[in-house]
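# Understanding the architecture of this molecule
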Amino acid sequence: MSELVLVRYGEIALKDRWTRSAWERILEANLAHDLREAGVSYRLSRTGGRIFVHTTDERAACVAARVFGVVSVSPAWSVSPDIASISSSAVELARAAPPGSFAIRARRSAGAISSQEIAVEVGSSVQQATGRPVDLSCPKLEIFVEARQDHAFLFQEILPGVGGLPLGSQAPMVALLSGGIDSPVAAWTMMRRGCPVSLLHFDARPYADSLSQARRCAQVLQRWASGRRINFVVVNNSRGIGLIASKNPRATCVLCRRLMYRVATEIMHREGAVGLITGYSLGQVASQTPENIMAEQVGLNAAIYHPLIGMDKTEIVDLARRIGTLEITEETKSCTAVPSKPMTKARLDVVLELEKEMDLIGLARELAEEAEVERI
Ligand code: ATP
Ligand code: MG
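Presented here is an overview of the structure given in this document. (Residues numbered from 1 in each chain as written. Chains lettered and ligands numbered in written order. Predicted model: local features only at pLDDT ≥ 70, side-chain atom pairs only at ≥ 80, totals over all residues. Heavy atoms only, no water.)

Attention now moves to the sheet that holds strand β10 (residues 197–203). The six strands lie next to each other as β13-β12-β9-β10-β11-β14, forming an open sheet whose pairing is mixed. Among the strands making up the open sheet, the edge pair consists of β13 (304–305) and β14 (372–375). Two elements, strand β12 (residues 276–277) and β13, share two bridges in a ladder whose sense is parallel. Each residue of the ladder has a partner; that of Ile-277, found in β13, is Tyr-305. (Pairing = 2+ DSSP bridges. Helix = DSSP H or I, 4+ residues; strand = E, 2+ residues; numbered from the N terminus.)

Moving on to a nonpolar patch on the surface. Taken together, the side chains of Met-294, Leu-348 and Leu-352 present a nonpolar region at the surface, about 250 Å² in accessible area. Locating Met-294 in the fold gives a position in helix α9 (residues 290–297). Judged by its relative accessible area of 52%, Met-294 falls in the exposed class. (Patch = residues over 30% accessible without salt bridge, like charges linked within 9 Å, V, L, I, M, F, W, Y side chains within 5 Å. Areas by Shrake-Rupley, 256 points an atom, 1.4 Å probe, with all protein chains shown as cover. Salt bridge = Lys/Arg side-chain N within 4 Å of Asp/Glu carboxyl O. Buried < 20%, exposed > 50% of the residue type's maximum accessible area, 1.4 Å probe, protein only.)

The subject of this paragraph is the site of ligand 1. Leu-176, Ser-178, Asp-182, Ser-183 and Arg-257 are the nearest of the 17 residues found near ligand 1. A distance of 3.1 Å separates an oxygen atom of ligand 1 from a polar atom in the backbone of Ile-181. When isolated, ligand 1 has an accessible area of 570 Å², and the protein chains bury 83% of it. Broken down by secondary-structure element, the contributors of at least two residues to the shell around ligand 1 are α5 (182–192), β10 and α8 (252–270). The element best represented in the shell around ligand 1 is β10, accounting for three residues. Looking at side-chain class alone, the shell around ligand 1 contains seven nonpolar, eight polar and two charged residues. (Near = heavy atom within 4 Å. Polar contact = N/O pair within 3.5 Å; in protein donor to acceptor, adjacent residues only side chain to side chain. Nonpolar A, V, L, I, M, F, W, Y, C, P; charged D, E, K, R; others polar.)

Following this line, the structure appears as structure tokens:
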């Protein structure tokens, strides 16, 4: 049973002092929330670019590994930083582990003795005490030693964390959440990069019905949010779709998107957010072409992020599975207002003219007024 979990957070450590300490505090608060929520009793401390979760609860490492900003975690033991103490703990660990070859992997950040010396001396103690052979290239058992000024840490595994930046270290955004596979992955990707999100769903009934899938995705995303409440905003868009589809069927998707972005921009201001997020992946469907993306966004007053733009479907599906939204979204049906031959090379002048003709700007303002906000 380990006595603490070593939490590593690579990228934050590269920041200047002020930013680093601000982000470390956010990360600590997020970790504390998730540990509490999981019912783990713990104490946190931090030195030298690491957070330590002092606990004997075995769940702590897994909880910490899924907090945004955490690069890796190791359940560890802390001993005094002298060769005798390190050796006796390493022997204890080796005795408790299944038989086979071993290697000592040592690192030192302070102290007189070098990492090479630690590896050699501790290694020979383990060998003598247990009779295990040394194998540096493919050992059955690895014992890592990290020697510092006041403590040495011993651990056997390095579990990958979810990575990214601490949630709350970047400005909030509004993610357009459809109920399909991609958009929850996009929202999660930006959360992982530090952005708290509000989720905006356009209820397109009777053309499409994915409100319940979107809401369930929002609930899953909430579980990644380390206690920050997520607003789930619903705007009914059937009026807009009806109008657009009757005027110019081939341009339905491009115009519908412009309408959604305009509504979303209003919601963004209301939510105090700074940017919009979509689940676009280039070329994935006929409408997601560079020409269309250009025509959909020209002249809008918001930064629009498409974090999945360069990803393949299989990569997105793998992420959705890991996030926990895949099952919810797999059965989601597509919108019946999508024409059989959607425009793939939208012309800016035509699109802008149509938008004006239908007064989509006025309509967007009206739809945004009707938005309903739910707390997830
Ligand atoms: P997804 O799987 O995310 O639905 P998709 O590949 O089906 O994406 P589209 O339906 O063209 O592609 O949607 C592209 C993006 O537009 C979505 O990822 C989402 O961000 C946004 N979007 C589409 N429909 C809606 C909706 N009803 N409500 C909110 N956002 C939507
Ligand atoms: Mg979709």
